[in-house]
Amino acid sequence: MAIHLYLSLMPEALIASMLGPEEFGTYYSVGSVKKARGQAMFFEVDPRYRHPYFRTEEAFARCVPHEDGSLKASVYISVYRVLEHIDLNALQHLYLSTMDGRTLELNPDNEIPNGTDQLHLYHEIAPVTPLVVSRLGPLQFLDQLVRNPVSLITVPAIAFTELQLGELAEDPEMGLMENLPYENQDHLRQCLTDIKTKYATTKMVNRSHSPNVQYRTIKNGFFVGNTKQLRYFPMPSAEEIRTNNYRWFRSANM
Amino acid sequence: MNIINNWIYTAIAAGVVSIAAALSLYFWVMKQEPGTERAQEVASWIKAGANAYLVKLYRSLGILALVIGLIIAIIFSIQPETAGAGIVTLYFRKGITMSLCFIFGAFSSAIAGYLGMRVAVEANVRTATAANFSLSKAFKLSFNAGAVLGLAMVGMAIIGMSAILLWTGTPEAVLGFSFGASILALLAKAGGGIYTKTADIAADLVGKIEVGIPEDDPRNPAVVADNVGDNVGDVAGMGADIFDSYVASAVAVMVLGASIGFTQAEQLKYTVVPLVLCMLGIVASLIGISLVRVKEGQKPGPALNRGTIITTIIFAIFLFVFVRFWDVNPGVFWAGLTGLIAGVVIGITSDYFTNDQFKPVQETARVSSSGSAINIITGYSYGLISIVPSVIGIAAATLISFYASEHFGLSGVYGIGISAVGMLSISGMIVSADAYGPIVDNARGIAEMAGMDHEVIVRADELDAAGNTAKAITKGFSIGAAALTVIALFAAYAEVIADSGVMIAISLKEPLVVAGVFLGAMTPPLFSALLMLAVTENAFGMIEETRRQFREEPGILAGTHTPDYARLVSLASEGALTSLATPAFLAVGLPLLVGFVLGPNALGGFLGGAIFVGVIFALLMSNAGGLWDNAKKYIETGKFGGPGSDAHKAAVVGDTVGDPFKDTAGPSINTLITVMSLVSSLFAPLIAAFHLFG
């Protein structure tokens, strides 16, 4: 029986499981009798990937069916500092699960968007979860977070997504906030205005933002990077999702 | 006399044609493709739930009808003229006649409602299946299924009224028929309203908000009860409600007509006029219904509106020809036309306050970003404003029909009644468009639950949007019609009392009248509160059960275990039916209590208070509820942050508050004031003879 290796972003954890990605997504977001449930985002990691930080073999040995024959859903290998110990090339697919257990598969893409003319809104997902506005495009933003030698605050690796700003990306003061369900809208406008008019390139909007993402607000896709690597998992358009994954489309309230 | 009888026979024939058309459409619907095994399985859950509720409802109503029938038989066997002298003469024939008319009225309304429900639960799955192929095919199927209820309802009503008039020769016996229909309507509408909102709230609060599953998801244990609720509330309930107003308006005019003119022939003629108007309305509706169709690429909403407008114009022409060539007072034409126009105008103004194209909904949506309290205050305020055009419409219709009739030498009050009949004469078409709504709503639910392609759901959404507009128009229409009907019934009450030798004198200088007005004004709010409390109490039980199922069986959410839908359906049914006793007493018992204790004048004041406050409450609750619902839907189109935004969260609260407003209490108030007016008219001779004060 195949054993899968998953890197969960919420919370950051490495998990061995006998369930395939869709079943795991349902299990992970819908919960079991333990009542742990909620939105989930996880990568499928190459099951051959090994790193001395993780006791993967030991976990695989424990990942066996239950006495009643049902599959072992999860064996946690690590719940701390996972992202920084993963070779990003081992990440195969990203899966987005909705609160009620529908799962969408995203494939990696080498064409990484990096628009710099507009303002940007980034939702950091792991290992920290602030909401940040920036003048920097995704590549420069990642650079600043993981490689900036002058910054006092860097992380060894990070996963984040860029959210839509609509008209605010050009005109934070007067632009309409159509279909953008963000809280504290006045504060968001002020932060955007600040980075547009002042010296700072980046400003925190919310230091401890909810890790849950409203999928319909994603502008382009998910970025995961460290000091050496960057992987990008583009989000299909709403129309594509509606056509190919209608159940997920409905469930995600797209 | 022969001409009069011929008109009555013709009215019966029109009723038979209407029922034959309904049956023909019913069998046509049944011949359509019922869909995949999965779709039929889902539909069978809804069908079983609806049948279970109807069996319980009709069993309870059957017992109630027999008990009330027995009471009527005993009470109407007493001749009041001799009662005061200490000698009570018994006329069993009259008592039994009234009792039979009452039971026949309840039975006719039940049959029409049952047929409508029956076709609705068969048509929903067929509509979903037809939507696989084309929008026009699905529209045709669902509209024809709605027409089964519309045509069966008017057919049963006109046959019942005509047959009783032919049999007894007195319109007062038709009051008994109307009372039977009203009692059934009250319980069907209030019970259906409680059922549908109980299930809706439980399904939404637990399924959508707590668990996060989409609308109509088969994993939601309350989803079948929710779909059943659409049928019992919006098909059977609304059908019974309009049946009630349709019959009540006609019978009020028949009672008033019997006292018009100097010759018996003239009195008979004006007694039969409302039946003729109903008959002309049936023919106009049959033509209008046959012209409603949608070609590929066209929108269904305009097709429904076109059908209503065509029916209205045809009826107006028929009315003119009838008045012109049958030597009827021209006041009948002008009064009927006034009612017809007022009905359409009231319907359209209701739409203004509930349509997201206009300011009230957009403004309520806009302020929602400031929180649910602001959403509720704004929606409630627009609900209050929405009373204005409808009340002006009702007042204008009352005044124009009164003075136009008086101008041509016809009784002004009779003219007001004719305007109500004119408004309701096209009920065949109005109800057809209204019943279409829950059928397509259910079709959408079945498409979701059966996992049909998203194109099917997109088409079902388009059909559903048209159904919502039709529903809003029908609500305004039915409230306007009920208002004019009860004004006519009030006059009928005064007429019946006068026949018993007591002249009604309603003056606010009289303390008994003032007491009556206050008691009457108190009744609609109290009735509304009882119904809404029934919704919250029953919803509480259903919410707990829905949560329990999710909690104890994780496989439900994982999609590996089927929820216990039947348990929720049963809870909703029992909750709805057991909550009806006190509201039913209010409707029937309170006017009698006021009449027998405080006397006929106080009862007149009581009816006045109940009618005016009832109309205001009905308009407020229906329109505010619809407005909150559409403000939420407007935000869901992406406005003001879209789904998940603060504005959306506030609008969801407003919508939940508005649900029992618009679908439980609001529409049931029409029936409440009709029942109270009918009870008063029916028991007027007895109240005139036996009362404690006044």
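Residues numbered from 1 in each chain as written. Chains lettered and ligands numbered in written order. Predicted model: local features only at pLDDT ≥ 70, side-chain atom pairs only at ≥ 80, totals over all residues. Heavy atoms only, no water.

Visitor: Give a detailed account of the sheet that holds strand β11 (residues 218–226) of chain A, specifying residues and quantitative values.
Guide: Residue and element names in this part refer to chain A. If you trace the six strands from one edge of the open sheet to the other, you get β10-β8-β7-β9-β11-β12, paired in antiparallel fashion. In this open sheet, the two strands that pair with only one neighbour each are β10 (202–206) and β12 (230–234). Across the sheet, the mean angle from the axis of one strand to that of its neighbour is 25°, orientation sign disregarded. Pairing of strand β9 (residues 157–163) with β11 involves six bridges; the strand directions are antiparallel. Bridged to L163 within β11 is I218. Each of β7 (120–126), β8 (131–134), β9, β10, β11 and β12 touches helix α3 (residues 138–146); the most contacted strand, β9, lies at about 145° to it. (Pairing = 2+ DSSP bridges. Helix = DSSP H or I, 4+ residues; strand = E, 2+ residues; numbered from the N terminus. Axes fitted to C-alpha atoms, helices over the stretch in contact; angles between N-to-C directions. Contact = heavy atoms within 4.5 Å.)

Visitor: For the pattern of salt bridges, give the residues involved together with the corresponding values.
Guide: Proximity of charged atoms lets side chains of opposite charge pair with each other. Residue and element names in this part refer to chain B. Inspection of the entire model under this criterion finds 36 salt bridges over all chains. The salt bridge involving K632 is made with D655; its shortest N-O contact spans 3.0 Å. One end of the pair, K632, is in helix α21 (residues 600–636); the other, D655, is in helix α22 (residues 646–689), with 23 residues separating them in the sequence. By the burial criterion, K632 is buried, and D655 matches it. Members of the salt-bridge network, linked through shared partners, are K197, D200, D629, K633, D659, K662 and D663. (Salt bridge = Lys/Arg side-chain N within 4 Å of Asp/Glu carboxyl O. Buried < 20%, exposed > 50% of the residue type's maximum accessible area, 1.4 Å probe, protein only.)

Visitor: Before we move on, can you summarise the domain arrangement of chain A with the specific residues and values?
Guide: Residue and element names in this part refer to chain A. Along its sequence, chain A is carved into domain 1 (4–106) and domain 2 (120–234). Each of domain 1 and domain 2 has a C-alpha centre, and the two are 26 Å apart. The interface of domain 1 with domain 2 comprises 21 residues on the first partner and 20 residues on the second. Between domain 1 and domain 2, roughly 1,700 Å² of surface is buried when both sides are summed, and carbon and sulfur atoms account for 68% of that area. In terms of surface lost to domain 2, no three residues of domain 1 exceed Q39, L83 and L88, which account for 32% of the buried area on that side. Counting the contacts that link domain 1 with domain 2 gives zero salt bridges. Secondary-structure elements contributing two or more residues to the side of domain 1 that touches domain 2 are β3 (40–45) and β5 (91–97). (Domains from an automatic or database assignment. Buried area = accessible area lost by both parts, 1.4 Å probe.)

Visitor: Break down the interface of chain A and chain B for me, with residues and values.
Guide: In this assembly, 24 residues from chain A lie in contact with 31 residues from chain B. Taking both sides of the interface into account, the surface hidden between chain A and chain B amounts to around 2,000 Å²; carbon and sulfur atoms contribute 46%. Sorting the residues of chain A by area buried against chain B places D100(A), R247(A) and R250(A) first, and these three jointly supply 26% of that buried surface. Linking chain A with chain B are five salt bridges. A salt bridge links E448(B) to R250(A), with the shortest nitrogen-to-oxygen separation between them at 2.6 Å.

Visitor: Explain the nonpolar core to me, and be specific about the residues and the numbers.
Guide: One broad rule of soluble globular proteins: the nonpolar side chains tend to lie buried together. Formed by 295 residues in total, the largest nonpolar core has its most connected members in L9(A) and F179(B). Taken together, domain 1 (4–106) and domain 2 (120–234) of chain A each give at least three residues to this core, which thus spans both. Look past the residues within four positions of L9(A) in its chain and what remains in contact with it is M41(A), F42(A), F43(A), L83(A), L94(A), I125(A), A126(A) and A159(A). Core analysis: the next-biggest nonpolar cluster, separate from the first, contains twelve residues, F141(A), L145(A), V146(A) and F160(A) among them. (Core = buried A, V, L, I, M, F, W, Y, C linked by side-chain atoms within 4.5 Å.)

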